[in-house]
Amino acid sequence: MQRQVSVDSEPNETNPVRAWDIVNNPILMRYRRSRLRRRKLIPWALLVLIVSLFVVGLLVAVSKNSDIPMRELARLGLVIIIVLQSLMLLFLGTGAVAVGIIQESAEGMVEYQRLTPMTPLAKIVGYVFGLPIREYVLASLQFPFVFLTAWLGDIAWDSLTRFYLILFMAGVLYHLTGMVVGTVARKKFIAGRTAQLMVFLLYVVLPRFAHLGFIFLLYLTVLPAWYEQASPYLPQGAEFANWVPGLGYEVPWFFWEFGPTGFSFFIQGALIFVLMVILARRWRDAQAHLMSNHFAVLVFAGIALLLLGNSYPIIESGAIFLTMTNFNAQSFTGLSLALVGVALLSLLMTFIRLVTPTRDEARRGFRRAAKLKRSRVAPFSDDVTALWTVGVLLLIAIGTWILYASKLTSSEMIQGNITLYQLWPLAFAASLTLPIVAYHAVLEWLGARAVLLALLLAWIVPAMVAVICMAANNQTLATYSASLSGFLMPIYAVVQMVEPSPDREMGNTVKHAF
């Protein structure tokens, strides 16, 4: 009788493993055996332990031969160990997930897993925690040194706990990102390096856009949570917040303010939900788009709302101009408007690529509708044209840019110093509409390869010609050449809509700034 109960409790076709049952997840169990073999784990474990012992031993030796308090040195050691843990978990772990899922597809294991009686969520959990399990173990080996340095450095345990919760959530987010990249890419090298490049961009490049209103990009990293928890323990006079714009402040969103750690939980949790929906959709149907039409509109609208919600308060307070040491406030306005326009154009192109069906997919939809004796293809399905979805996304992007520009040009630091022509909203709308309509038409009728060729010849080459003409000091030809490039249309619209004025130096400054 006891044996019968144990058999019935095991996962089977009528009792599949649940997503939360990590211990019994067969995918996780498989990688626990393969990636934690002693001959692969022991060399890495020795390296991690030796480096950690070296850091702690070096700090102890310095404390005995200098006047620096042990508490300060222990805090420095804790930061070094946290950096090492973050590199293993976020950088190496993300690459392992991207490369691993590509290898699974090449070996046919992904198709095999689709036939198993597990829910898509359980399969995602198995891969997300199974593929980087070695990196999780290596990071865990450093916790004794974390506890030692935290105790010697008199660090509050609740601060340490909150930070590691954010670090764990960031790890899950980046590993899900690596899994999405591995699902889309076809080569292991490309998948792994792309996933790791995205981590690099998140920490090095994208935080620089925080003062354009893209503050939420900063909270996809662990930096704000680390600074909030570590700021009481940093040495007096340390200005770590100057390294990255936006550190050390409450997070504004329209009329409310949130703590950095809480906002990090919200942003990372929302993106984790989006990635889980994308992966679950692909697990159910290997031919499905990464996003449905409705979900793409919802996510795009959420990004636009985050942009406006973050930018409005920092524009009103003037904080958007604080870190612009190489530009005055007026010159920065034109640059900010142009960069936001280019960012929205890039986002539009990305989302349109995700929801636009190929000609083969459209034919397949018509054949399926005819087979089911339907008069038309189901609206908003993956097989139907994405024209209406593109229209909605375009309206959201245009509205976001116009609202951002209106708020920025009417701020106290800008008002009276820069004037736009009355038709500037129409010009801004046209600079997004024209390239997006052309991009979507080529993509839907000719396919992705034709789009790449068209982008190279019609958009990138004119931009290159414009740069050459500028180097040759031929400004007229450079202007006309740049106007042909869809990538530069938002910049061109901003430059042409700035009204020159003899009594306002800014009128000509923006035009010559590009």
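Coordinates for the structure precede this section.
So, here's what we can say about the structure. Keep in mind that what you see is a predicted model, and the values were worked out from it rather than measured. (Residues numbered from 1 in each chain as written. Predicted model: local features only at pLDDT ≥ 70, side-chain atom pairs only at ≥ 80, totals over all residues. Heavy atoms only, no water.)

**Considering the pattern of salt bridges**
Right, on to step 1. In this structure the tally under the stated criterion is 5 salt bridges.
Right, on to step 2. The residue glutamate 104 makes a salt bridge to arginine 30 at a minimum N-O spacing of 2.7 Å. In this pair, glutamate 104 is assigned in helix α4 (residues 70-106) and arginine 30 in helix α2 (residues 26-34), connecting sequence segments 74 residues apart.
Right, on to step 3. Given the relative accessible area of 28%, arginine 30 is considered partly exposed.
Right, on to step 4. Here aspartate 158 makes a salt bridge to arginine 162, at a shortest N to O gap of 3.7 Å. Residue aspartate 158 and its partner arginine 162 are both found in helix α9 (residues 157-184); the two are separated by 4 residues, about one turn of the helix.
Right, on to step 5. Overall, the relative accessible area of 44% leaves aspartate 158 in the partly exposed class.
Right, on to step 6. Residue classification places arginine 162 among the partly exposed residues on the basis of a relative accessible area of 35%.
Right, on to step 7. The structure contains a network of salt bridges with shared partners spanning Arg71, Glu72 and Arg75. (Salt bridge = Lys/Arg side-chain N within 4 Å of Asp/Glu carboxyl O. Helix = DSSP H or I, 4+ residues; strand = E, 2+ residues; numbered from the N terminus. Buried < 20%, exposed > 50% of the residue type's maximum accessible area, 1.4 Å probe, protein only.)

**What about the packing of helix α6 (residues 120-130) against α9?**
Two numbers describe a pair of packed helices, the interaxial angle and the distance between the axes.
Right, on to step 1. In contact at an axis separation of 10 Å, α6 and α9 are set at 110° when each is read in the N-to-C sense. Between α6 and α9, the angle falls in the class roughly perpendicular. Only Phe168, Val172, His175, Leu176 and Met179 of α9 make contact with α6, whose side of the interface consists of Ile124, Tyr127, Val128 and Phe129.
Right, on to step 2. Residue composition of the contact of α6 with α9, grouped by class: 8 nonpolar, 1 polar and no charged. (Axes fitted to C-alpha atoms, helices over the stretch in contact; angles between N-to-C directions. Parallel < 35°, antiparallel > 145°, perpendicular 65-115°, else oblique. Contact = heavy atoms within 4.5 Å. Nonpolar A, V, L, I, M, F, W, Y, C, P; charged D, E, K, R; others polar.)

**A look at a nonpolar patch on the surface**
Right, on to step 1. Taken together, Trp44, Leu47, Val51, Val79, Val83, Leu87, Phe91 and Leu92 make up a surface patch of nonpolar side chains, about 620 Å² in accessible area.
Right, on to step 2. Where the nonpolar patch is concerned, the elements lending two or more residues are α3 (38-64) and α4.
Right, on to step 3. Sorting elements by how many residues they give to the nonpolar patch places α4 first, with 5 residues.
Right, on to step 4. Here leucine 87 shows up in helix α4. (Patch = residues over 30% accessible without salt bridge, like charges linked within 9 Å, V, L, I, M, F, W, Y side chains within 5 Å. Areas by Shrake-Rupley, 256 points an atom, 1.4 Å probe, with all protein chains shown as cover.)

**A word on the nonpolar core**
Right, on to step 1. Counting 110 residues, the largest nonpolar core has Ile124, Leu176 and Met179 as the members making the most contacts within it.
Right, on to step 2. No other element matches the 13 residues that α9 contributes to this core.
Right, on to step 3. Formed by 5 residues, the second largest nonpolar core is a distinct cluster that contains Leu41, Ala45, Val48 and Leu138. (Core = buried A, V, L, I, M, F, W, Y, C linked by side-chain atoms within 4.5 Å.)

**Details of helix α17 (residues 387-409)**
Right, on to step 1. The end-to-end C-alpha separation of α17 is 33 Å, in line with the 33 Å expected for 23 residues at 1.5 Å each.
Right, on to step 2. Those residues of α17 not exposed but buried are Thr389, Val390, Leu393, Leu394, Ala397, Ile398, Thr400, Trp401, Tyr404, Ala405, Leu408 and Thr409. (Expected span 1.5 Å × (residues − 1).)

**A word on the packing of aromatic side chains**
Right, on to step 1. For the structure on display, the rule yields 16 aromatic pairs.
Right, on to step 2. A centroid spacing of 5.1 Å and a plane angle of 70° characterise the contact between tryptophan 424 and phenylalanine 428, whose relative ring orientation is edge-to-face. Of this pair, tryptophan 424 and phenylalanine 428 both sit in helix α18 (residues 424-446), 4 residues apart, which is roughly one turn of that helix.
Right, on to step 3. Relative accessible area serves as the criterion here: at 13%, tryptophan 424 is assigned to the buried category.
Right, on to step 4. Classification of phenylalanine 428 as buried rests on a relative accessible area of 0%.
Right, on to step 5. Within the aromatic cluster, the residues linked to one another by ring pairs are Phe143, Phe147, Trp157, Phe163 and Tyr164.
Right, on to step 6. Taking NZ or CZ as reference, arginine 30 lies 4.8 Å from the ring centre of tyrosine 31, over its face. (Phe/Tyr/Trp six-rings, centres within 6.5 Å; stacked < 30°, edge-to-face > 60°. Lys NZ or Arg CZ within 6 Å of the ring centre and 35° of its normal.)

The analysis is restricted to geometry; functional conclusions fall outside its scope.
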